Amino acid sequence: MRLRKSNQGKRFNDALAFDLSDGEQADLTQQARHLSDNEFVVDAQQSLDGRNKQDIDAQDSSDFESLDGKQSEARRKKNKRSWAPNPAKPLGEVQPYPTDPAQKWTRTYVGPVKRWTRLEFLVDYWFGDVEDRREIFNDFIQLWYNYQLLPPKLPQGSHQLDVARNGWMPGNFTQYTEEKYRNWYERYLATRTISQTSTPIDKEKAFRWFFPRDEGKIHVLLGHVLNQKEHLMKQGDCLSFSDSGLPIEDESSDDSQIGGWLLDVGGIVLSMGWAPIKGQVDQLLAMSVIPHSDQAFYRDLNDAPKPSELKDGAIQIWKFGVEKDREGISRPARSSPKLIRTICFYWGRVNRMQWCPVPLTITHGVALLAVLCGDGKLRIIEIKRDPERDGVETFEEMQEPLATIKPPKEHSLEINCFSWLNINRIVVGLSDGSVTVWSISPCQQLQRHPVHSSPIMDIVSGYPSKPFLIATMPMGGVFTLTDLNRPTAEKTYHGNPLVSLQPNVLAWSDQLRGFASIWPTSFPGTSTVSFVHSRVFPLSRHICTVEGQTSCLAFGTCHPFLLVGSSDGSVWALNVMRKVLSHREKTHKLKIFQHEYAAPPPPETTNGNGDQIQRRGGCRILHGFLPQLNSHPLGTRIAKESRVKRARGEKKAANKKSKKPEDEVVFEDPADEDEDYFTMVPAPIVVHESQTRITALSWNPNVEFSWWAAAAMGSGLVRIMDLGIENIQAEAEDHVDEPEQAEPNLEGGGNGDIEMGDGSDDDVELVG
């Protein structure tokens, strides 16, 4: 125990018997106040001598340094880095915070979970509130552990599908939430005073005022890297891809199976999400798209559009057809995607949007969509689906939403982010660093708590297993976890400060019950993503490091696989469960594709016929990358430096033993032979076009299509991908035959240790 600075010079009673009554102890305390300190008390330092000497030696000697100046000068110089009080300074002066970068222990995690904690104990620490946690997590391991890069495709009616659907929740959770959703909606219809109102509009008006208008065509290079072909796409066009990622020329042919689509939405996608739907039905993807002119570069700021001019906004809802193969697995249909519904309004651009996580009800076919608009208000929109009219494009102008959430009436206070807690609760992050909880019906504020001192850039709820556990990421400060059930008491944070200017870089995994977020790095050319568990939040673990800056993250709702988008146009995928469960096993990451955008020529440039070239530019998409070792650059550098130092030390020791100079041992410096040693120096930083970046990522939350993903690029293209791996049973057997890929087992009290490989692990805990 560390003594307070104010108590290190005080004197205390030598011993107050613990068997005294409260009255007797109070009398002794009162007597001690009127008597001299020298008669009845001893030095606080002497009272520590009775403790175990071994415990005292383990503590920093500066913690018990007395203020009488008895410590020797040599020992004081030895402990000059200690942040103990300086005897030469008065007690009332605040000691400066240590700035020595080697003192990482000032903001580190101290707890039971270590990097080398064995698997069964790690599961107990992480999921200790669940009684049958080992049985449930063992099903998770058997289902996902053998897949390092991409999730498996799950056949209908299988046990694996039930495991992925339920997760930590009971088997009747889906039916329970659907019934509550239906009852809540019926109660809302009976008690509402103002209903949602909208007016149908024609397609011409919608495209003229609300849709981003991108004139001309964009040149897209697709195909194998050695044989890429140019495709011209305009706004609204679609291309089909095969499972191998190659464009399909003839969609009517049965030779190739559809593996996804490439859409041209003609603008920048700020946010998108799949609608939660039950059953084998067509999937819906909602997108908020803004014109490129909103984020274009202007030499003269007077030419840039004013915020007051950006009043028109829209939400596009696309439908993607599905079909079953012979094995009963859902696949993308051969029909092209369709824009079935467009919601237009004059509330400003849509900065963020999110579906209510509860699936559509069977009786009413109603879903709730929350949108954060440019006017600073959060609106809840009621989306009614009629399968019979899905084939018809519908355009409507919204006048009044289902509910409107406004920021508190304070100066320059705005809503920055939000997250659903359940059907009727939503949490909002404000620009002053506070968090508010709102009820939708009736629409009113329930709670408000100060969490940060800077604007909150991202907020995520732990729905469904931990819905009232929220993580908040400020613009500048520390990553914080708050339990809304007891917000003033149950709160923790990670002591490593960060700066976050980018939304969509915080995600929740319900299978692992943890958060993935960006992490501070010392090199601006790369960015790091870390994982923090909700029960040991101050402890973070490295997930992956990518080139460029992380622009968006997406955790699977029904699996522990993560998608990472970067500013260099790359999309990465990896299995976070396999990464965080062991500190020695070598894991890999996969680059799904690489997008690169080229700016168009100046507007006065003409082609051979004298026609002016449209300013749309071109892009190239590469795929077919090999998996890469998912290592931490810092750990790799430290390991190589240690190997070089050890080899040089062995050389010196061998030369000292040799008696003659001609017997000198010939030594080859690893730094001269190992080519990888020089890769410790980071590569030059490449500045890409702003439209090269990945703007949004989303996994499908429906378990029957949980291996579908969507990636939006800054050039205006959106790629829908079927990333599932087939033949899971055969592949699982092949993996089990390999000892280094064998899955751990928690049944029967096994050791559960996943320490494999050569022991030279380069995974580093991000603890400070």
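An account of the accompanying structure is given in this report. This is a predicted model, so every value here is computed, not measured.

Aromatic ring pairs: the centre-centre distance and the angle between the two ring planes describe each pair. For the structure shown, the criterion picks out 24 aromatic pairs. Ring geometry for Phe207 and Phe395: centres 6.2 Å apart, planes at 65°, overall edge-to-face. On the criterion of sequence distance, the pair formed by Phe207 in helix H10 (residues 203–209) and Phe395 in strand S17 (residues 394–400) is long-range, its members being 188 residues apart. We classify Phe207 as partly exposed; its relative accessible area is 30%. Centre to centre, the rings of Phe211 and Phe395 are 6.3 Å apart; their planes meet at 65°, and the pair counts as edge-to-face. Of this pair, Phe211 sits in the loop between H10 and strand S4 (218–224) while Phe395 is found in strand S17, placing the two residues 184 residues apart along the sequence. The two residues Phe211 and Phe395 agree in class, both being buried.

Those residues of helix H8 (residues 159–166) that sit buried are Leu161, Val163 and Ala164. In a view along the axis of H8, the buried residues occupy a sector of 160°, so they form one face of it. The secondary structure elements touched by the buried residues of H8 are helix H7 (133–144). Looking one or two residues beyond H8, the residue adopting positive phi is Gly167, at roughly 60°.

Let us look at the sheet that holds strand S29 (residues 506–509). Pairing is antiparallel across the open sheet formed by four strands, whose spatial order is S29-S30-S31-S32. Edge strands, defined here as strands with exactly one partner in the open sheet, are S29 and strand S32 (540–547). The sheet shows a mean angle of 25° between the axes of neighbouring strands, direction not considered.

Together, Met475, Val499 and Leu501 give the surface a local cluster of nonpolar side chains, amounting to about 300 Å² of exposed area. Following the sequence through the fold, Val499 ends up in strand S28 (residues 498–499).

Another aspect to go through is helix H9 (residues 173–191). Since the α-helix turns once every 3.6 residues, residues separated by three or four places project in the same direction. Taking 1.5 Å of rise per residue, 19 residues should cover 27 Å, and H9 covers 27 Å from first to last C-alpha, within 8% of that figure. Along H9, the residues that are buried comprise Phe173, Thr174, Thr177, Glu178, Tyr181, Trp184, Tyr185 and Tyr188. The arc that holds every buried residue of H9, seen down its axis, measures 130°, which confines them to one face. Every exposed residue of H9 that faces more than 90 degrees away from the buried side is listed here: Ala190 and Thr191.

A few words now on the packing of helix H6 (residues 119–126) against H7. Running from amino to carboxyl end, H6 crosses H7 at an angle of 115°, the nearest separation of the two axes being 10 Å. Our pair here, H6 against H7, has a crossing hand that is right-handed. Residue-level inspection shows Leu119, Glu120, Val123 and Asp124 of H6 in contact with H7, the latter providing Arg133, Arg134, Phe137 and Ile141. Of the residues in the contact of H6 with H7, the class split is four nonpolar, no polar and four charged.

What counts as what
- Residues numbered from 1 in each chain as written.
- Predicted model: local features only at pLDDT ≥ 70, side-chain atom pairs only at ≥ 80, totals over all residues.
- Heavy atoms only, no water.
- Phe/Tyr/Trp six-rings, centres within 6.5 Å; stacked < 30°, edge-to-face > 60°.
- Helix = DSSP H or I, 4+ residues; strand = E, 2+ residues; numbered from the N terminus.
- Buried < 20%, exposed > 50% of the residue type's maximum accessible area, 1.4 Å probe, protein only.
- Arc of directions from axis to C-beta.
- Contact = heavy atoms within 4.5 Å.
- Pairing = 2+ DSSP bridges.
- Axes fitted to C-alpha atoms, helices over the stretch in contact; angles between N-to-C directions.
- Patch = residues over 30% accessible without salt bridge, like charges linked within 9 Å, V, L, I, M, F, W, Y side chains within 5 Å.
- Areas by Shrake-Rupley, 256 points an atom, 1.4 Å probe, with all protein chains shown as cover.
- Salt bridge = Lys/Arg side-chain N within 4 Å of Asp/Glu carboxyl O.
- Expected span 1.5 Å × (residues − 1).
- Left-handed = near helix turned anticlockwise from the far one by under 90°.
- Nonpolar A, V, L, I, M, F, W, Y, C, P; charged D, E, K, R; others polar.

Worth remembering: the numbers are spatial, not functional.
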